[in-house]
Amino acid sequence: MKFEDLLLEIGGFGRFQILILAVLCLPRINLPMHFLLHNFLAATPSHHCAIPHQEAFVNLTREEVLLISIPQKPDGTFSSCEMFSQPQFHLLLNSSLQPENKSIIQHCQHGWVYDHSQFTSTISTQWDLVCEQRGLNQATATFFFIGVTMGAMVFGYLSDRFGRKTMLQLSLVCSVVFGMLSAASVSYMMLAITRTLTGVALSGVSLIVLPLGMEWVDIQHRTFTGILISIFWSIGNMLLALAAYLVREWHWLLVAVTGPCLLSIICLWWVPESARWLIAKGKVKQAHRHLLRCARINGRKDFAVSPEALTRMATEKNMGGSYSYISLFRTPVLRKISLCSGVVWFGVAFSYYGMSMNLTGFGLSIYLSQFVFGIIEIPAKMVMYVLVNRVGRRQSQAWTLILTGLCIGANIVIPKSLSSLRSVVAIMAKGFSEAAFTTVFLYTSELYPTILRQNGMGYTSFLARLGGALAPLVFLLDEVWRSLPEVTYCGVAVCSGAVAFLLPETLNVRLPEGIEDIE
């Protein structure tokens, strides 16, 4: 007997599964509020060098003081990082006669003045992470994703070793602790460390929620489950825009996005451990208890299975052994799946976060861009629900990634004056990117056997978070060539989409239990 047969007897998608998914969607909503928080936490408002007061400025307006103290760019705006060593009073007569002598231009000597009309404070304004320190500002997101990367390896292994639910609870508790410590940061170093640790903790939530939900539903509702859980990521995206709009001070914004984890911790006590995992580890008495509970809640009172039958199921597949990440590369088919899925995950995350962390330049406010980028994901997921069941997982995965890259590439050649067209193309790219992300979560959870599923998800999540960690740093390449970041995102998305064609199709195929099912 297969576990899929057991699910059909107890109700593969009844009231029990709906309640589980409802609870698991709570932490899912919270994830993007942290993963994309960098857009607001580290936002850099317009700024210019602070100008020390001089007696000669008494009768001058603020605009005139700026005119004689700060160089102008070719477009007429004031430089953000430079100032004149001495006031250039002749510019009051003709502001177009900018000095050609570069020796009188120097870097800001007295700090910066920021525009607080949009943000009360961000980490950029708190610690002057601008100009020469701009790299540290982008590195904040990288530190977070380095933490998520480390957490993917840790929680992937631990959840296969000690159980899905236990590790999910630990992950949520640590998320609250480190999230609140981040909000209380008194130095950049403290923030960098606590955000890294928050990333480690939240990685467990990201990694475990979907497989825990998927392992309780039957084949027919697997796609629906994956799409449903994914939709709540998009809802979290939109709620982040609302939270950031209402809370403009970075300390309190961190508190606002961390607090909901407490509700998830409370509600998670009701969710049972994965019966699949319990049987795989030979813990048949606990699995038997949860299966009976599921049957009772689903109204299947005639369901009866003995613990001995579950023991035979575990023994037949020899699933109680010890496995590690090395097991993903020991057999030829599994090795190919692991290598290709790793490349796909890297490409999906790299392009997704590359777009999600670039909310400017499309003619929309940063809050509206975040909201629109979130809301466009929902119809993208709806379309994927149809596509993955009609054309299959492999084709859907490959083409959504390729189309993401092509849309990013299109915006390289569209002039910035056509802001409306650029916005439409960017929104299309975001939709395709989210469709790729939705598919890869569902697809990967079906590629790996139960005994290695969390190890497989941990490994692929590691590469995804590596992509997420590198994505914000690529923005710094605009100093080499303005379009180089977009070219990089485009190339990686198209190449990883091509690799997806090498993966096997899993549409309407039973979830593999052991390595022999894969081979």
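Quantities reported herein were computed from a predicted structural model and do not represent experimental measurements. Residue positions are counted from 1 within each chain, in the order its sequence is given. Residue-level local features of this predicted model are given only where pLDDT is at least 70; pairs of side-chain atoms are given and counted only at 80 or more, and the full residue set underlies all totals for whole chains, interfaces and linings. By convention in this description, side-chain values take in all heavy atoms of the structure and omit both hydrogens and water.

1. Brief notes about the overall build of the protein chain
Logical step 1: Helical segments are the DSSP runs of H or I of at least four residues, strand segments are the runs of E of at least two, and each set is numbered from the N terminus. Along the backbone of the protein chain there are 22 helices and 4 strands.
Logical step 2: Taking 24 Å as the expected radius of gyration for a compact globule of 519 residues, we find that the protein chain reaches 26 Å, a close match to that expectation.
Logical step 3: With the C-alpha coordinates of the protein chain rotated into their principal frame, the extents come out at 95 × 40 × 35 Å.
Logical step 4: Residues classed as buried in the protein chain amount to 57% of the 519 residues present.
Logical step 5: In the protein chain, the share of contacts with a sequence separation of at least 24, taken over all contacts with a separation of at least 6, comes to 80%.
Logical step 6: Accessibility throughout is a Shrake-Rupley quantity obtained with a 1.4 Å probe, and a residue counts as covered only by protein chains that appear here. Approximately 21,000 Å² of the protein chain is accessible, and the part contributed by carbon and sulfur atoms is 65%.
Logical step 7: Residues scored as charged are limited to Lys and Arg (positive) and Asp and Glu (negative), so that His and the chain ends carry no count. The atom standing in for a charge is NZ when the residue is Lys, CZ when it is Arg, CG when it is Asp and CD when it is Glu. Measuring between centres, the 38 positive side-chain charges of the protein chain sit 10 Å from its 31 negative side-chain charges. Atoms counted for the radius of gyration: C-alpha only. Globule rule: 2.2 Å times the number of residues to the power 0.38. Type-normalised accessible area, obtained with a 1.4 Å probe on protein chains alone, sets the label of each residue: buried when under 20%, exposed when over 50%, and partly exposed for intermediate values. Pairs of residues are marked as contacts when any of their non-hydrogen atoms sit within 4.5 Å.

2. Things to note about the packing of helix H10 (residues 250–258) against helix H11 (residues 260–268)
For any two helices packed against each other, the geometry comes down to the angle between their axes and how far apart the axes lie.
Logical step 1: It is the contact of H10 with H11, at a shortest axis distance of 5 Å, that shows an interaxial angle of 15 degrees. It follows from the interaxial angle that H10 and H11 lie roughly parallel. Residue-level inspection shows Ala256, Val257 and Thr258 of H10 in contact with H11, the latter providing Pro260, Cys261 and Leu262. Helix axes are fitted only over the stretch in contact, all axes being lines through C-alpha atoms; the angle between N-to-C directions runs from 0 to 180 degrees. Reported orientations rely on four angle classes, namely roughly parallel under 35 degrees, roughly antiparallel over 145, roughly perpendicular from 65 to 115, and oblique for the rest.

3. Considering unusual backbone geometry
Logical step 1: With a phi angle near 55 degrees, aspartate 128 is a residue other than glycine that sits in the positive phi range.
Logical step 2: Considering the arrangement of structural elements, one finds aspartate 128 in the loop between helix H5 (123–127) and helix H6 (134–162).
Logical step 3: Judged by relative accessible area, aspartate 128 falls into the partly exposed class, the value being 27%.
Logical step 4: Of note, cysteine 131 is a non-glycine position whose phi angle comes to about 55 degrees, a positive value.
Logical step 5: Note on cysteine 131: relative accessible area 18%, which makes it buried.

4. Quick word on the UniProt feature "transmembrane region" (unreviewed entry) in the protein chain
Logical step 1: UniProt positions are given in the numbering used here, feature names are shortened, and annotations may be inferred rather than shown by experiment. According to UniProt, the "transmembrane region" (unreviewed entry) feature falls on residues 139–158, 170–191, 197–217, 224–246, 252–271, 337–355 and 367–387.
Logical step 2: Between the first and last C-alpha atoms of residues 139–158 the distance is 28 Å; the span itself is 100% helix and 0% strand.
Logical step 3: End C-alpha to end C-alpha, residues 224–246 measures 33 Å, and it is 100% helix and 0% strand.

5. With respect to the nonpolar core
Logical step 1: Judged by nonpolar contacts, the single largest core of 131 residues is most densely connected at Leu6, Phe35, Leu168, Leu291, Leu310, Tyr353 and Phe437.
Logical step 2: The source of the domain bounds is an automatic or database domain assignment. Summarising the domain contributions, this core has at least three residues from each of domain 1 (1–37 + 132–319) and domain 3 (322–518).
Logical step 3: Contact partners of leucine 291, with chain neighbours within four places excluded, come to Phe3, Leu6, Ile10, Trp216, Ala275, Phe303 and Leu310.
Logical step 4: Counting residues in hydrophobic clusters, the runner-up holds 7 residues, among them Met83, Trp112, Tyr114 and Val130. Residues belong to one nonpolar core when they are buried, are Ala, Val, Leu, Ile, Met, Phe, Trp, Tyr or Cys, and are joined through side-chain atoms within 4.5 Å.

6. A word on helix H16 (residues 366–375)
Logical step 1: The buried fraction of H16 amounts to 7 of the 10 residues, a majority that puts the element mostly inside the structure.
Logical step 2: For H16, the full list of buried residues reads Ile366, Tyr367, Ser369, Gln370, Val372, Phe373 and Gly374.
Logical step 3: Here the buried face of H16 lies against helix H3 (38–41), helix H9 (222–246), helix H15 (332–356), helix H17 (377–390) and helix H19 (419–447).

7. What about the environment of leucine 473?
Logical step 1: Mapped onto the secondary structure, leucine 473 falls in helix H20 (residues 453–474).
Logical step 2: Considering only alpha carbons, one finds leucine 473 and threonine 142, 331 residues apart in sequence, at a separation of 7.2 Å.
Logical step 3: Excluding anything up to four places from it in sequence, leucine 473 contacts Ala139 and Thr142.

8. Observations concerning the state of the cysteines
Logical step 1: Cysteine sulfur atoms that come within 2.5 Å of each other are treated as a disulfide pair. Overall, the coordinates contain 2 disulfides when judged by the stated rule.
Logical step 2: Disulfide pairing places cysteine 49 opposite cysteine 108 at an S-S distance of 1.8 Å. Residues cysteine 49 and cysteine 108 are joined by a disulfide whose S-S torsion is about -65 degrees; by sign, that bridge is left-handed. Of this pair, cysteine 49 sits in strand S1 (residues 47–49) while cysteine 108 is found in the loop between strand S3 (105–107) and strand S4 (112–114), placing the two residues 59 residues apart along the sequence.
Logical step 3: On the accessibility criterion, cysteine 49 (0% relative accessible area) is buried.
Logical step 4: Two residues, cysteine 81 and cysteine 131, share a disulfide whose sulfurs are 2.0 Å apart. Given an S-S torsion of about -95 degrees, the disulfide between cysteine 81 and cysteine 131 has left-handed geometry.

9. Thoughts on the pattern of salt bridges
Logical step 1: Whenever a carboxyl oxygen of Asp or Glu lies within 4 Å of a side-chain nitrogen of Lys or Arg, that contact is scored as a salt bridge. All chains considered together, the criterion is met by 7 salt bridges.
Logical step 2: Ionic pairing is found between aspartate 160 and arginine 164, a salt bridge with its closest N-O pair at 2.6 Å. Like aspartate 160, the residue arginine 164 is buried in the burial classification.
Logical step 3: For the salt bridge of arginine 393 with glutamate 446, the shortest nitrogen-to-oxygen distance reads 2.9 Å. Taken as a pair, arginine 393 in helix H18 (residues 393–413) and glutamate 446 in helix H19 lie far apart in primary sequence, 53 residues in all.

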